[in-house]
There are 2 protein chains.
Amino acid sequence: MDYRGILDIIKPDTDEINQIEKISSKLIKSINKICREENLNAEAVQVGSVAKKTFLKGKSDIDIFISFPLSTDMNVLKEKGLEIAYKINEEYNGECDEHYASHPYLTCIIEGYEIDFVPCYKIDDAKDMKSAVDRTILHTRYIKSHIKEEQIDEILLLKRFMDCVGVYGSEFKVGGFAGYLCEILILKYGNFENLIDEVSNWRYGTVIDLEEYGTSDLFNDPLIAIDPTDKNRNVGAALRSDKMEEFINACRNFRISENKLDFFYPLKKENISRESILKDFNDIGGKTYIVEFEIPEVPADTLYPQLRKTEESLSEKLEEEDFKVFKSGYWTNEKDKGVLIFNMEVYKLNNIKIHYGPKIWVRQACENFKKANGPDCYCLNEFLVVNKEREFKNATDYIEYIFKRENISHIKIGKNLKETAIKTFKIYLLENYLKTLNKEDSNGFLDYLDDFLHPSQHTRR
Amino acid sequence: MDYRGILDIIKPDTDEINQIEKISSKLIKSINKICREENLNAEAVQVGSVAKKTFLKGKSDIDIFISFPLSTDMNVLKEKGLEIAYKINEEYNGECDEHYASHPYLTCIIEGYEIDFVPCYKIDDAKDMKSAVDRTILHTRYIKSHIKEEQIDEILLLKRFMDCVGVYGSEFKVGGFAGYLCEILILKYGNFENLIDEVSNWRYGTVIDLEEYGTSDLFNDPLIAIDPTDKNRNVGAALRSDKMEEFINACRNFRISENKLDFFYPLKKENISRESILKDFNDIGGKTYIVEFEIPEVPADTLYPQLRKTEESLSEKLEEEDFKVFKSGYWTNEKDKGVLIFNMEVYKLNNIKIHYGPKIWVRQACENFKKANGPDCYCLNEFLVVNKEREFKNATDYIEYIFKRENISHIKIGKNLKETAIKTFKIYLLENYLKTLNKEDSNGFLDYLDDFLHPSQHTRR
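Residues numbered from 1 in each chain as written. Chains lettered and ligands numbered in written order. Predicted model: local features only at pLDDT ≥ 70, side-chain atom pairs only at ≥ 80, totals over all residues. Heavy atoms only, no water.

## Section: the overall build of chain A
Phase 1 of the analysis: Scanning chain A for helices and strands turns up 16 helices and 15 strands.
Phase 2 of the analysis: Its C-alpha atoms put chain A at 85 × 55 × 50 Å along the principal axes.
Phase 3 of the analysis: Buried positions account for 53% of the 461 residues belonging to chain A.
Phase 4 of the analysis: Look at the contacts in chain A between residues 6 or more apart in sequence, and 65% of them connect residues 24 or more apart.
Phase 5 of the analysis: Charge separation in chain A, taken as the distance between the mean sites of 65 positive and 81 negative side-chain charges, equals 4 Å. (Helix = DSSP H or I, 4+ residues; strand = E, 2+ residues; numbered from the N terminus. Buried < 20%, exposed > 50% of the residue type's maximum accessible area, 1.4 Å probe, protein only. Contact = heavy atoms within 4.5 Å. Lys, Arg positive; Asp, Glu negative; His and termini not counted. Charge placed at Lys NZ, Arg CZ, Asp CG, Glu CD.)

## Concerning the domain arrangement of chain A
Phase 1 of the analysis: The domain boundaries assigned to chain A delineate domain 1 (4–142), domain 2 (147–264), domain 3 (274–349 + 392–459) and domain 4 (352–389).
Phase 2 of the analysis: The distance between the C-alpha centroids of domain 1 of chain A and domain 3 of chain A comes to 39 Å. (Domains from an automatic or database assignment.)

## Remarks on the side chain of A:S131
Phase 1 of the analysis: If you trace the backbone, A:S131 turns up in the loop between β5 (113–121) and α5 (135–146).
Phase 2 of the analysis: Note on A:S131: relative accessible area 5%, which makes it buried.

## Focus on the sheet that holds strand β10 (residues 324–332) of chain B
Residues and elements named next belong to chain B.
Phase 1 of the analysis: Pairing is antiparallel in the open sheet, where 4 strands are placed in the order β10-β11-β9-β15. Since the sheet does not close on itself, it has two edges, and those belong to β10 and β15 (426–429), each with one partner. Ignoring which end each strand starts from, the neighbouring axes of this sheet average 20 degrees apart.
Phase 2 of the analysis: Two elements, strand β9 (residues 287–294) and strand β11 (residues 337–346), share 8 bridges in a ladder whose sense is antiparallel. Following the sheet pairing, E292 is matched in β11 by V339.
Phase 3 of the analysis: Sheet strands touched by helix α16 (residues 439–453): β9, β10 and β11. Its angle to β10, the strand with the most contacts, is close to 145 degrees. (Pairing = 2+ DSSP bridges. Axes fitted to C-alpha atoms, helices over the stretch in contact; angles between N-to-C directions.)

## Quick word on the packing of aromatic side chains
We describe a pair of aromatic rings using the distance from one ring centre to the other and the angle between the two ring planes.
Phase 1 of the analysis: Throughout the structure, instances matching the rule amount to 52 aromatic pairs over all chains.
Phase 2 of the analysis: A ring pair is formed by B:F161 and B:F263, whose centres lie 5.7 Å apart and whose planes are at 25 degrees; its orientation type is stacked. In this pair, B:F161 is assigned in helix α6 (residues 151–165) and B:F263 in the loop between α9 (241–256) and α10 (274–284), connecting sequence segments 102 residues apart. With respect to burial, B:F161 and B:F263 carry one shared label: buried.
Phase 3 of the analysis: A centroid spacing of 6.1 Å and a plane angle of 65 degrees characterise the contact between B:W202 and B:F247, whose relative ring orientation is edge-to-face. Separated by 45 residues along the polypeptide, B:W202 in the loop between α8 (192–199) and β6 (206–208) and B:F247 in helix α9 bring together distant segments of the chain.
Phase 4 of the analysis: The class for B:W202 is buried, based on a relative accessible area of 2%.
Phase 5 of the analysis: According to the relative accessible area criterion, B:F247 is buried, its value standing at 0%.
Phase 6 of the analysis: Sitting over the ring of A:F254, A:K260 keeps its end group 5.5 Å from the ring centre.
Phase 7 of the analysis: Lying over the aromatic face of B:Y121, B:K130 brings its terminal NZ or CZ to 4.9 Å of the ring centre. (Phe/Tyr/Trp six-rings, centres within 6.5 Å; stacked < 30°, edge-to-face > 60°. Lys NZ or Arg CZ within 6 Å of the ring centre and 35° of its normal.)

## Thoughts on the interface of chain A and chain B
Reports often express the size of an interface as the amount of accessible area lost when the parts come together.
Phase 1 of the analysis: Facing the 53 residues of chain A at the interface are 53 residues of chain B.
Phase 2 of the analysis: Carbon and sulfur atoms supply 49% of the area that chain A and chain B bury against each other, a total of about 4,400 Å² over both sides.
Phase 3 of the analysis: Counting the surface chain A buries against chain B, the share from its top three residues, A:N350, A:W361 and A:R363, is 19%.
Phase 4 of the analysis: In this structure, the connection of chain A to chain B is made through 6 salt bridges.
Phase 5 of the analysis: Two residues, B:R460 and A:D376, come together in a salt bridge whose shortest N-O distance is 2.6 Å. (Buried area = accessible area lost by both parts, 1.4 Å probe. Salt bridge = Lys/Arg side-chain N within 4 Å of Asp/Glu carboxyl O.)

## Some points on α16(B)
Residue and element names in this part refer to chain B.
Phase 1 of the analysis: The end-to-end C-alpha separation of α16 is 21 Å, in line with the 21 Å expected for 15 residues at 1.5 Å each.
Phase 2 of the analysis: Buried within α16 are the following residues: D441, S442, F445, L446, L449, D450, F452 and L453. Buried residues along α16 cover an arc of 170 degrees about the axis, so they all sit on one side.
Phase 3 of the analysis: Looking at the buried residues of α16, the elements they touch are α10, β9, β10, β11 and α15 (430–434). (Expected span 1.5 Å × (residues − 1). Arc of directions from axis to C-beta.)

## Regarding the environment of B:Y3
All names here are of chain B.
Phase 1 of the analysis: You can see Y3 is positioned in the segment before α1 (4–10).
Phase 2 of the analysis: On a C-alpha basis, the gap between Y3 and N41 in space is 46 Å, while along the polypeptide they are 38 residues apart.
Phase 3 of the analysis: The residues contacting Y3, other than those within four sequence positions of it, are L157, F192, E193, F254 and F264.

## Topic: the packing of helix α5 (residues 135–146) of chain B against helix α7 (residues 179–189) of chain B
If you want to describe how two helices pack, look at the angle between their axes and the distance between the axes.
Residue and element names in this part refer to chain B.
Phase 1 of the analysis: Axis separation between α5 and α7 bottoms out at 11 Å; the angle between their running directions is 30 degrees. With respect to each other, α5 and α7 are oriented roughly parallel. Seen along the crossing, α5 lies across α7 with a hand that is left-handed. Residues H139, Y142, I143 and H146 of α5 pack against Y180, E183 and L187 of α7.
Phase 2 of the analysis: Here the contact of α5 with α7 is composed, by residue class, of 4 nonpolar, 2 polar and 1 charged. (Parallel < 35°, antiparallel > 145°, perpendicular 65-115°, else oblique. Left-handed = near helix turned anticlockwise from the far one by under 90°. Nonpolar A, V, L, I, M, F, W, Y, C, P; charged D, E, K, R; others polar.)

## Details of the pairing of strand β4 (residues 104–110) of chain A
All names here are of chain A.
Phase 1 of the analysis: Most of β4 is tucked away, with 6 of its 7 residues classed as buried.
Phase 2 of the analysis: Across 6 bridges, the pairing between strand β3 (residues 95–100) and β4 is antiparallel. Note that in β4 the partner of E98 across the bridge is L106.
Phase 3 of the analysis: Linking β3 back to β4 in an antiparallel pair, the connection comprises 3 residues.
Phase 4 of the analysis: The sheet contact formed by β4 and β5 spans 5 bridges and is antiparallel. Its bridge partner lying in β5, I110 is registered against Y113.
Phase 5 of the analysis: Counted along the chain from β4 to the antiparallel partner β5, the turn is 2 residues long, and its residue E111 has a positive phi close to 50 degrees.

## Some remarks on the pattern of salt bridges
Residues and elements named next belong to chain A.
Phase 1 of the analysis: A complete count under the given rule lists 76 salt bridges over all chains for this structure.
Phase 2 of the analysis: Note that D447 is salt-bridged to K269, the shortest N-O span being 2.8 Å. Here D447 is found in helix α16 (residues 439–453), whereas its partner K269 is found in the loop between α9 (241–256) and α10 (274–284), with 178 residues between them in sequence.
Phase 3 of the analysis: On the basis of relative accessible area, D447 is assigned to the partly exposed category, the value being 34%.

## Some thoughts on the sheet that holds strand β5 (residues 113–121) of chain B
All names here are of chain B.
Phase 1 of the analysis: Reading across from one edge, β1-β2-β5-β4-β3 is the order of the 5 strands in this open sheet, with mixed pairing throughout. What marks the edges here is a single partner per strand, and that holds for β1 (43–47) and β3 (95–100). Averaged over all pairs of adjacent strands, the angle between strand axes in this sheet comes to 25 degrees, irrespective of strand direction.
Phase 2 of the analysis: Where β1 and strand β2 (residues 62–68) come together, 5 bridges link them in antiparallel fashion. Residue pairing across strands places Q46 opposite I64, the latter belonging to β2.

## Some words on the side chain of A:S315
Phase 1 of the analysis: Among the secondary structure elements, A:S315 is positioned in helix α11 (residues 300–320).
Phase 2 of the analysis: Other than its neighbours up to four places away in sequence, A:S315 contacts A:V325, A:S328 and A:F342.

## What about the relation of the copies chain A and chain B?
Phase 1 of the analysis: Rotating chain A by 180 degrees and moving it 0.1 Å along the rotation axis overlays it on chain B with an RMSD of 0.1 Å. Taken together, the rotation angle and the small translation identify this as a two-fold axis. Relative to the rotation axis, the C-alpha of A:V346 is the closest in chain A, positioned 3.6 Å from it.
Phase 2 of the analysis: Residue by residue, 100% of the interface of chain A is reproduced at the interface of chain B, so both copies engage with the same surface. (Least-squares fit on C-alpha atoms with pLDDT ≥ 70 in both.)

## Section: the nonpolar core
Phase 1 of the analysis: Judged by nonpolar contacts, the single largest core of 60 residues is most densely connected at A:L318, A:F403, B:L318 and B:F403.
Phase 2 of the analysis: Once you skip the residues sitting within four places of it in the chain, A:L318 turns out to touch A:F323, A:V325, A:F342, A:M344, A:A395, A:Y398 and A:I399.
Phase 3 of the analysis: Core analysis: the next-biggest nonpolar cluster, separate from the first, contains 53 residues, A:Y142, A:I143, A:I155 and A:I186 among them. (Core = buried A, V, L, I, M, F, W, Y, C linked by side-chain atoms within 4.5 Å.)

## Comments concerning the state of the cysteines
Residues and elements named next belong to chain A.
Phase 1 of the analysis: Counting across every chain of the model gives 0 disulfides over all chains.
Phase 2 of the analysis: This cysteine, C164, is not joined by any disulfide, and C182 carries the nearest cysteine sulfur, 13 Å off.
Phase 3 of the analysis: Residue class for C164 comes out buried when judged on its relative accessible area of 6%. (Disulfide = S-S within 2.5 Å.)

Shown next, in the form of structure tokens:
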């Protein structure tokens, strides 16, 4: 296959690279100057995809780590590291935001580039690691020293392919493949096309162990990619099984597709209107309920797993109550609205349910059951049973019940969502809910619903 | 407990016994006379509950067996036996009907009594048995020689109790306890009250082996009562597990009841009207469908098991199609109508169902599934799946489908019902069906539905 047309689009050109290198080295010099002036034994290092030259055109996130000797006190590192970052930001008239990974770091916009300044320890071996970010330097060093020049194009093709089929990015919104994992995969399989073939044969528990550490038994994940810089770490740990499955499926689809190049472009969606989405839901049948609540100000990586957990737990509970969930999901505008979606196949049940007691053969248990449940007990298929009024006849009755403060502990709800969910939750039929959304939210949500309705569309062309 | 009041009602008085003995001995003499005249080496024997004096007042079915020596040819026995019966019927101006057990016999009404004349072989040991009716003489002989005079009352109490709680009678309509089984139980437990206590502790597979044959391992039935006249026969084989369970439950209820005597009277039913029945169904919720079809002229013992089999099979199939049957049943007026009842908790499903393929990890199987199911396949919980239109969205669609000639083999339908069911079946909502019934059928069916709705009512007072 000829990928030159794709590479023209996704590979940064000399101009872009030069500019990024120019600003990066300026910033590094400035940091090192400050360190010398302040007599700090610290040093700026460029890391990440920019350092490795594996970033996609226009997606250069510049990562500059301020590395301190291992002897530095952790509090000094945190304080001084952040102080230097703030000084640089001021020096370059940047705009900045403090973030928090294993410790605080600064994200700045300087001369139009987004740049992370991250304090860390300077280590040569993962066993000396004091904070999770420390290993980034090792990763950058490993990839730079092992990747062949021509493999950079293969990495770019892989990242673009993954992005277009919806499995790229280790942030929790996606739960897909991290950039570093892509690089490891190309090191393993040599090039993009060979990778496509190999991934098509992946099994649950596939092991990639570049350095042959033989430590894969430590892990029980769908994909086990031993970190070549740390034999006790699985780079694939954050990859969700569903994203791995989608990737395998996409690779297989790619192999048999007659429109291979289309896999490198984002899915073209048909005109999505409120009417077309509602028609599709109507074609499925059942009823679709929306639970909307306000969300607190938390990072997306906190928000998405909590929404997911809440949806999965409530879905499970609905099924336990004999309501049948055809498909459920979650969505957020990442600003103020969290939304759970339940497409219910069975949303209304009988007023009565059969409450099972012991087997009729066990006398004492039957006598106890009868005492507890009164004289209407009867025999059914070897069991003593009694008809009881159902507490929840409609799925919405149950949801109303669950979001009461005294009942919320029945589901696993994200801890940051709990308060606002209890106070602000509302239940809608989908058709009514759509009318409440402003233009922007409506576009975002309809786009999400389109994927919800057509789960195969991203992984094929 | 003082059961004299009950015994006054259920025990035949001297008049009744004398009259029965009088007519019986007249008939026996007449038969033996014919045999002598025709030079037949056969002999009339009185058997059954009348012979054993264990019949309930007014329920004297007189059984007279015409017994032939073992050397008699089977065809001669059948022909001559029936011939004699017809002659007697004529002699006494009776009305008669030919029936068929293991071979033909005659049921006559003579002087107001119902009398069965059954040809059989005269045997002294079950191992010589040539036809199933032959052992009746052995049963009668065994009970008469083992029962104590005072145990007759206990047997009568037991039969009456079983009748009033709905478990008496081995005919297939009931599937309960045969008279002979009642007698064995009293021989085992001594008297009625002790029996109540012992039955309360019955387990699945309880063994009663009066003659200590030690052959219980031959049988895998809920109740194993080795025939004292035939170690290879379980007298409890025809007892359905549900009737055994109901009996255990009734015995336990009797023990703790404060109205023990009420157990010896038929259940007093509240006024049952169409409206009250429909209200009760409405209180349960869901929808109740009736499938009605014409029935052929077959004995009740043929009809009931076939209706039962059909109902159970269709019920199972409905569940396989994801419809949820809350409770199902069958009824017949034993003349022209067979009826299946399905109280459906889930009677409508989504238009779409998820069709599961292989696990995503199995490449070749996935490729085959994709070839068969087109490009819309997607990953769901490790499986490759595809959405498919449901063939049956409503329970009634499925029932309509099943009763078509080309599909009827999907269910196990009674062989005598098949033709008429295919040709005449109709599906109704219960409320509409009730309007189609004449007064007599309506009364019978409403009474049945009352039991359907209140399954505990017969086993307690």
